[in-house]
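The residues making up each chain are set out below.
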Amino acid sequence: MIIKQSPDPADAVAPLTRVAPVQAVEEIANTVQDLNFRIAQLVKGQNYFGQVMSRLQPGVFQVNVQGNTFKMELGQQATIGQQMLLRFVGDSPVPTFRLLSQQAGQLELSRLPANTLLQAQPLPLPAADNGVSAALSSGARILSQQLAQAANGETSKTLTSQQVMTHAPQNPRIVAQDIQRAFTSSGLFYESHLEKFTAGKLSLASLLQEPQNQPNSVAESMINKQIAVLENQRVHWQGEVWPGQKMDWQVKLHEGEVDPDEHNTHADAADDRPISSNVKLELPSLGSVSANIVLHAGHLRVRIAAADQVAIKRLQSELPALATALTSHGQVLDALAVVHDE
């Protein structure tokens, strides 16, 4: 019954003509809606990497494409873990991909020629235990997880490498090339490299070297690091620079002028912002040594700090040679000093 306000007490209570039973709330984003939503995230003509996740039946496999799971006929020779570059052709009447290429050495395994059209049957995601699912794209799910982990301090914003950067520490030119290669293939710039690959400016072999395309991919953990780099304009790397030598390295793009202690002093033009590089090493003969390098408008400032007085004297004796090496290559050197690291 319902209660109505009325000046007449007799009319205060009125019977209901019909009471409808409570109906179960329809599940948020049912399976069909979720599948359609995920397919809608794919862009026609865009290239995507696909990876064979499992074998469903002879010649038929489960393939992950951009966080979406499809069933595809790949032939008897396809292997779990195999990677393929696919171009999304369209979703009518069914999602279809064009096979562009496969990871080196695997094209022969599947015996599928390039440009083969692969029809894909979307597979639903596992249902939630409470019977309710939210229609989030795979990217949104990953981003949500990473933001939650970052808020709880569960993820690191530091790049850590298990591989040695260079094996030629005596050759500065090779060291520079190896360091550049290590950063380029770190996975931080993957989306930019994928765009270059699509434009024919980067080889597939180079793209496949990045973490996002490796077995046991750490692509999801890279998202938090990429966000941190964009937000802070800073890259922090830790690892073995050459065999047996650990290095801690930070590179930062500043908003304005930088004083010797790396503090911004005033705003500067957006296209001429200073870059600082800070390297910390524990060397066998010199002990703890750090180098702070600031490059701004073509001018270079270098400050080397050491904890040991003998090391400081030795480094100071080499300053003229270092200055000559820098200026002989056209570098404008504004400051070069060795100080005590307090």
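Residues numbered from 1 in each chain as written. Predicted model: local features only at pLDDT ≥ 70, side-chain atom pairs only at ≥ 80, totals over all residues. Heavy atoms only, no water.

### With respect to the layout of surface pockets
1) Next: Taken as a whole, the largest pocket spans an internal volume of roughly 1800 Å³.
2) Next: Lining the largest pocket are 38 residues, and of these Val175, Ile179, Val279, Ala291 and Ile293 lie nearest its centre.
3) Next: When residues of the lining of the largest pocket are traced back to their parent elements, those giving at least two are helix H4 (172-184), strand E10 (234-242), strand E11 (245-253), strand E14 (275-283), strand E15 (287-296), strand E16 (299-306) and helix H9 (319-327).
4) Next: Take the lining of the largest pocket: its biggest share by element is 8 residues, from H4. (1 Å grid on protein atoms, 1.4 Å probe; cavity = no way out; pocket = protein on both sides within 12 Å on 5 of 7 lines; lining within 4 Å. Points joined across faces, edges and corners; volume = space filled by probe spheres on them. Helix = DSSP H or I, 4+ residues; strand = E, 2+ residues; numbered from the N terminus.)

### Quick notes on the pairing of strand E6 (residues 83-90)
Looking along a regular strand, one sees side chains alternate from face to face of the sheet.
1) Next: Counting buried residues in E6 gives 6 out of 8 residues, a clear majority hidden from the surface.
2) Next: Sheet topology note: the strand E3 (residues 47-57)/E6 ladder contains 5 bridges and is antiparallel. Note on E6: the bridge partner recorded for Gly50 is Met84. (Buried < 20%, exposed > 50% of the residue type's maximum accessible area, 1.4 Å probe, protein only. Pairing = 2+ DSSP bridges.)

### Description of the confidence of the model for the protein chain
Regions with low pLDDT carry predicted coordinates that are not meant to be interpreted in detail.
1) Next: Averaged over the protein chain, the pLDDT score is 76; the fraction of residues at 70 or greater is 69%.
2) Next: In this model residues 1-6 is a low-confidence stretch, pLDDT under 50, and it forms 12 contacts with partners more than four residues away in sequence or in other chains.
3) Next: Here residues 104-110 is a poorly scored stretch, pLDDT under 50, and it has 13 contacts once near neighbours within four places are set aside; other chains count. (pLDDT = per-residue confidence, 0-100. Contact = heavy atoms within 4.5 Å.)

### Let's talk about unusual backbone geometry
1) Next: Between Ser92 and the following residue, Pro93, the backbone shows a cis peptide bond with an omega angle of 0°.
2) Next: You will see that Gln233, though not glycine, has its phi angle at about 55°, which is positive.
3) Next: Within the secondary structure layout, Gln233 lies in the loop between helix H7 (219-232) and E10.
4) Next: A relative accessible area of 27% means that Gln233 is categorised as partly exposed.

### Looking at the nonpolar core
1) Next: One finds Val65, Phe70, Met72, Leu74, Leu86 and Phe97 to be the most contacted residues of the largest nonpolar core, which totals 18 residues.
2) Next: If you list the elements that add at least two residues to this core, you get E3, strand E4 (60-65), strand E5 (68-73), E6, strand E7 (96-102) and strand E8 (117-122).
3) Next: Non-local contacts of Phe97, meaning those with residues more than four positions away in its chain, are made with Leu42, Val65, Phe70, Met72, Leu86, Arg87, Phe88, Val89, Thr116, Leu117, Leu118 and Ala120.
4) Next: Met165, Val229, Val235 and Val241 belong to the second largest nonpolar core, which has 15 residues in total. (Core = buried A, V, L, I, M, F, W, Y, C linked by side-chain atoms within 4.5 Å.)

### A short note on the side chain of Ser276
1) Next: Along the polypeptide, Ser276 turns up in strand E14.
2) Next: What makes Ser276 buried here is its relative accessible area of 1%.
3) Next: Polar side-chain contacts of Ser276 include one of 2.7 Å to the side chain of His254. (Polar contact = N/O pair within 3.5 Å; in protein donor to acceptor, adjacent residues only side chain to side chain.)

### Concerning helix H8 (residues 309-317)
1) Next: All of the buried residues in H8 are Ala311, Ile312 and Leu315. The buried residues of H8 all sit within an arc of 100° when viewed along its axis, so they share a single face. Every exposed residue of H8 that faces more than 90 degrees away from the buried side is listed here: Val310 and Lys313.
2) Next: Contact partners of the buried residues in H8: E16, H9 and strand E17 (332-340).
3) Next: Two to three positions downstream of the cap, the backbone nitrogen of Val310 sits 3.1 Å from a side-chain oxygen, assigning the N-cap of H8 to Asp308. (Arc of directions from axis to C-beta.)

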